[in-house]
Amino acid sequence: MLVLLAGIFVVHIATVIMLFVSTISNVWMVGSSNFGAATSGLWQLCNKTCVDLLVNSDDEASLKTVQAFMILSIIFSVIALIMFIVQLFTLEKGKRFYITGAFMLVCWLCILIGVSIYTARFTGRIPFSTNTHHGYCFILAWICFCFSFIIGILYLVLRKK
C-alpha cells in the first residue's frame, strides 16, 4: 500500500509539472513560415521573436476561457496535492481520500474543458504559416487529462492503511 501511495504521489507531482509546462510554454501549435518554424501557445505567437497572441474578436472569449481553465486545472491539482499530504497525516486508518479525489476530478474536468475548446477553435490556426500540427504542450495537456482522471479515481478508491 505504501508503494502504491508513493507511486500515485510521484505521478501527481509529474502531472502538476506537466500542467505548468503545457500552460506556460508556447508550443501548442507548430507550423512553417517564411521565417522558419512558427509556434503558437495560449499566450504568445513565436517566430524568431515572440509577440502577444493576437486573435480576432470572435475567438478572444474562447482563448480567455482556455487560459482560465488551464490555470484553474493547475490550481486544483496543487490543492489536491496539498490535501493529499494533509490527509496522509491526519486521516484515520481505513478512511478514503475523498477530498483529494474530488479536487483531482475537478482538475480533470478543467483540463477537459480547456483543451477541448482549444481543439475545436484553434487547431491549425497560426497566421502566415503552413503545414501546422499540434505541439508538445497540446500533447502534454492531454496526457495530464488522462493522468488526472486515473489519479482522481485512485484517490477515491484507496483507503489509508
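What counts, and where the lines are drawn
Residues numbered from 1 in each chain as written. Predicted model: local features only at pLDDT ≥ 70, side-chain atom pairs only at ≥ 80, totals over all residues. Heavy atoms only, no water. UniProt positions renumbered as here; feature names shortened; annotations may be inferred. Disulfide = S-S within 2.5 Å. Buried < 20%, exposed > 50% of the residue type's maximum accessible area, 1.4 Å probe, protein only. Phe/Tyr/Trp six-rings, centres within 6.5 Å; stacked < 30°, edge-to-face > 60°. Helix = DSSP H or I, 4+ residues; strand = E, 2+ residues; numbered from the N terminus. Salt bridge = Lys/Arg side-chain N within 4 Å of Asp/Glu carboxyl O. Core = buried A, V, L, I, M, F, W, Y, C linked by side-chain atoms within 4.5 Å. Contact = heavy atoms within 4.5 Å. Pairing = 2+ DSSP bridges. Axes fitted to C-alpha atoms, helices over the stretch in contact; angles between N-to-C directions. Polar contact = N/O pair within 3.5 Å; in protein donor to acceptor, adjacent residues only side chain to side chain.

The name that an unreviewed UniProt entry assigns to the chain is Epithelial membrane protein 1, with the source organism given as Calypte anna. Recorded under Subcellular location (unreviewed entry), the UniProt text for the chain is reproduced unchanged: "Membrane".

Draft legend 1. Examining the state of the cysteines more closely. The final tally for this structure, using the stated rule, is one disulfide. Disulfide pairing is shown between C46 and C50; the S-S distance is 2.0 Å. Linking C46 and C50, the disulfide has an S-S dihedral of approximately 110° and is accordingly described as right-handed. Assessed through its relative accessible area of 10%, C46 is described here as buried. The thiol of C110 is unpaired, and the distance to the nearest cysteine sulfur, on C107, comes to 6.9 Å. Judged by relative accessible area, C110 falls into the buried class, the value being 6%. Looking at the unpaired C144, the closest cysteine sulfur is the one in C107, lying at 7.8 Å. The class of C144 is buried, set by a relative accessible area of 0%.

Draft legend 2. Main features of the packing of aromatic side chains. Under the criterion given, the structure shown has 13 aromatic pairs. Between W108 and F149, the aromatic rings sit 4.9 Å apart at their centres with planes inclined by 40°, giving tilted as the arrangement. Placement of W108 in helix 3 (residues 98-122) and of F149 in helix 4 (residues 136-157) is noted, with a sequence separation of 41 residues between them. Given a relative accessible area of 21%, W108 falls into the partly exposed group.

Draft legend 3. Region of interest: the pattern of salt bridges. A complete count under the given rule lists one salt bridge for this structure. Here R121 and D59 are joined by a salt bridge, their closest N and O atoms 2.5 Å apart. With R121 in helix 3 and D59 in helix 2 (residues 57-90), the pair connects residues that are 62 residues apart, well separated along the chain. Classification of D59 by relative accessible area gives buried; the value is 4%.

Draft legend 4. Up close: the nonpolar core. Among the nonpolar cores identified, the biggest contains 36 residues, and L19, W28, M70, I111, V115, Y118 and Y155 are the most heavily contacted of them. Elements represented by at least two residues in this core include exactly helix 1 (2-24), strand 1 (29-33), helix 2, helix 3 and helix 4. When residues in this core are grouped by element, the largest group, eight residues, is from helix 4. Residue contacts for Y155: discarding those within four places in its chain leaves I8, H12, F84, F97, T100, G101 and M104.

Draft legend 5. Local environment of the sheet that holds strand 1. A sheet is described by the order of its strands in space; here five strands give the open sequence 4-3-2-1-5, paired in antiparallel fashion. Here the strands that pair on one side only, and so sit at the sheet edges, are strand 4 (50-52) and strand 5 (130-134). Strand-to-strand, the axes of this sheet are offset by a mean angle of 20°, without reference to chain direction.

Draft legend 6. A look at the environment of M104. On the secondary structure map, M104 appears in helix 3. A C-alpha to C-alpha distance of 8.5 Å links M104 and I153, two positions 49 residues apart in sequence. When neighbours within four sequence positions are excluded, M104 is seen to be in contact with H12, T15, S77, A80, S148, I151, G152 and Y155.

Draft legend 7. Examining the side chain of T39 more closely. The residue T39 is located in strand 2 (residues 36-40) in this model. Under the relative-accessibility criterion, T39 is labelled buried at 17%. From its side chain, T39 meets the backbone oxygen of N26 in a polar contact 3.2 Å long. Not counting residues up to four positions away in its chain, the partners in contact with T39 are N26, V27, M29, V30, Q44, L45 and C46.

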